[in-house]
Amino acid sequence: MADDTDVDVVVIGSGGAGLCAALMAYENGARAILVAEAEDVVGGSSRLSGGVVMGSGSRLQKAAGIEDHPDDLLHDYMQLNQWDVHHGPVSTFTRRSGETVDWLADHGVRFFDRLIFGGDERKPRSHCVDGAGQAVIDVLHSRCRELGIDIALRRRVDRLIVEDGRVIGAQVGEDRITAGAVVVASGGFGANPELLASHFPAAWHEGFTWYIGSDGAQGDALGFAEQVGAQVVGRDRGLRTLTPAFGRLNEAFLPGWTVLLDPSGRRFADETAPYGILDGLVGAHGNAGFVVFDDAALRPPPELAERYRDSYKQVWPNHPPFRSRNYNADIVDEMVGKQRIATSDTLEGLADLIGVDPAVLVGEIERYNGHVEAGEDRDFGKSGKFLMPIGTPPFYAAAVRPATVNLTGCGLRIDGRGRVLDAHGGEIPGLFAAGECTGGVLGTRYMGSGNGMANALTMGRVAGESAALSLGSSC
Ligand SMILES: Cc1cc2nc3c(=O)[nH]c(=O)nc-3n(C[C@H](O)[C@H](O)[C@H](O)COP(=O)(O)OP(=O)(O)OC[C@H]3O[C@@H](n4cnc5c(N)ncnc54)[C@H](O)[C@@H]3O)c2cc1C
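Residues numbered from 1 in each chain as written. Predicted model: local features only at pLDDT ≥ 70, side-chain atom pairs only at ≥ 80, totals over all residues. Heavy atoms only, no water.

- In the nomenclature of an unreviewed UniProt entry, the protein chain corresponds to FAD-dependent oxidoreductase from the organism Pseudonocardia acidicola.
- Looking at the protein chain in UniProt, the text filed under Cofactor (unreviewed entry) is "FAD". (UniProt positions renumbered as here; feature names shortened; annotations may be inferred.)

Here's the deal with the overall build of the protein chain
Inference 1: The helix and strand tally for the protein chain stands at 16 helices and 19 strands.
Inference 2: On C-alpha atoms alone, the protein chain measures out to a radius of gyration of 24 Å, which is about the 23 Å that the 2.2 N^0.38 rule sets for 475 residues.
Inference 3: Expressed as lengths along the three principal axes of its C-alpha atoms, the size of the protein chain is roughly 80 × 45 × 35 Å.
Inference 4: Here the protein chain holds 475 residues, and 59% of them are scored as buried. (Helix = DSSP H or I, 4+ residues; strand = E, 2+ residues; numbered from the N terminus. Rg over C-alpha atoms; globule rule 2.2 N^0.38 Å. Buried < 20%, exposed > 50% of the residue type's maximum accessible area, 1.4 Å probe, protein only.)

Some points on the UniProt feature "domain: FAD-dependent oxidoreductase 2 FAD-binding" (unreviewed entry) in the protein chain
Inference 1: UniProt's entry tags residues 8-452 with the feature "domain: FAD-dependent oxidoreductase 2 FAD-binding" (unreviewed entry), counted in the numbering of this structure.
Inference 2: Between the first and last C-alpha atoms of residues 8-452 the distance is 28 Å; the span itself is 31% helix and 21% strand.

Section: helix 14 (residues 347-354)
Inference 1: When helix 14 is considered as a whole, its buried residues turn out to be Leu347, Gly349, Leu350, Ala351 and Ile354.
Inference 2: Immediately downstream of helix 14, the backbone of Gly355 shows phi near 75°, a positive value.

Some words on the packing of helix 14 against helix 15 (residues 358-374)
Inference 1: Between helix 14 and helix 15, whose axes approach to 8 Å, the crossing angle comes to 130°. Looking at the two axes, helix 14 sits oblique to helix 15. Crossing of helix 14 over helix 15 shows right-handed handedness. Contacts from Leu347, Glu348, Ala351, Asp352 and Ile354 of helix 14 reach helix 15 at Pro358, Leu361, Val362 and Ile365. (Axes fitted to C-alpha atoms, helices over the stretch in contact; angles between N-to-C directions. Parallel < 35°, antiparallel > 145°, perpendicular 65-115°, else oblique. Left-handed = near helix turned anticlockwise from the far one by under 90°. Contact = heavy atoms within 4.5 Å.)

As C-alpha cells, this is what we get:
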C-alpha cells in the first residue's frame, strides 16, 4: 500500500461489478480494500437478478460438448449491435466472459450443468446459477470477508476526491478516504425517474415506467462524470420489457398464445422472441402496443390446458416454469371489472374500444388464425407449438408500453481495461469503472439473458485487476 493513502483501492458499490473488482484487486496484489455501499444491504441489482450469466469458452460449456469460442461471441455481439458499441470494452468482456464463469465457479458459485440460449445465438452460452443472483452475491461477499476486504454499508459516496487531475479517493459527507485507485461500480439509474426521462427517454412512459432493480440505482456515476469531466456514452440504451396498463408485475416473456399488435392494430413480430429482440421491435413499431388474446387462453378446455400452460420457449434450470403473471383469469377478470383491460364479444367491438381500425384488427387476427390452422406462422415465424387461435369470445386487449426498466446502458466511457476516459479521450489517472454505471458496452439490442451480469462481473474483474496493477505507478 502507498504510505500516504488510507487504502489501496476504494470500490464504490457492492453489486456484482463492485465485489468482483474488490476480489480481483486483492488477487492482483492490493491489500487494503474498501467497498463503500450506499444501501443497507450488499448486492445492488445483481442480488435481485435471475443469476443468468453469459459466457463463451467456459469449462461448463466445454463439458456440455458445446463448441464455442469467445471470438464467436464477440462477432455475434458486434453483428447484433451493428457495430454501434465500443469494441475495446466489448472485446474484453466477451473474450474474458468464459474465464469469469470459471473464476466464479472456483470461488464457489454453483452453476447448473445445462446451459441455455440467452437470446438468438446459435450456441447456448448462458450459465444458470443455482440460487440466482443472491447466490452470486453471497459467494462473492463471503470471499471478501474471508480476505479481510472491508464492506461499509450505508456509505453513499457523494464525490470523488481529485488532486492535480488524479482521482485520489472518495468522500461521504465530510468523511474522506484516500486511495491509490478508485473503482466506480455504482450501477445504473433505473431508480431515478429524472435520469430515466433525460438519459433513457425511450423507456419513459408517463404512468407506465417502473424499475425492477434496487433502490441504489440512482445514477450517481453520472454526477461523478460531471465532477471529473469524464465522457458519458450510451444515451437511450438499456433493456425494457412490456408493462401492461393495469399493473406492475414483472413479466419477462409474453405467453406464446398472445398476439402483439402495434398502435395501429398491425401484428409485427413473433411474440415469443427473446426480450432483447422484442424490445427493439416494439421500439421500431410505435413504442407501444396491445396484447390480444381470447377467453380460451384464460379458461382453456381440459384437453388444451397443458398447451396453454406450457407456452414459453424458455425453460431455465434455476427458475420455476414461466407462467403469465398478468394474463391469467384472476388478474384479467379483475382488470376487466376496473375497465383497465378492453373486452368485447366481437373483434370489431374490441378494435373500437382500443381505437384502432376494425378492418385492420379483424384482418390481422383472421390472418393469424390462418397461420394457426396451417400450423405455421408464415409472417413472423412463431413456432407452431405456440400457435393457438384467437377464436373464443370474449376477446381481450391490454395496452402495453416497453416501460419495465430492467437495466440502463448509459454511463462512463471506459477502455478495454476499465479505465475511465475524459472529454479528450485521455485516461483519468486513478479512476476505473465497471458494470451498469458504464456506457458503450450495451448496444441497441440486449443480446439476451446473461448479458448484463456478464458485463458487470467480467468488467468488474477487469477494473479491479487494472486498479491493483496501477498501484505501482501511483506510489
Ligand atoms: C430483477 C432483475 C433481474 C435481472 N436478471 C439478470 C440476469 O439474470 N442476467 C443478467 O445478465 N442480467 C440481469 N439483470 C441485469 C443485471 O443484474 C445488472 O445489469 C447487473 O447486476 C448490474 O451490476 P452492477 O454491479 O453494475 O450494479 P448493481 O448490482 O446495481 O450494484 C451497484 C451498487 O452500487 C451501489 N451504489 C450506487 N451509488 C452508490 C454510491 N454513490 N456510493 C456507494 N454505493 C453506491 C448500489 O446501492 C448498488 O448496491 C437483472 C436486473 C434486474 C433488476
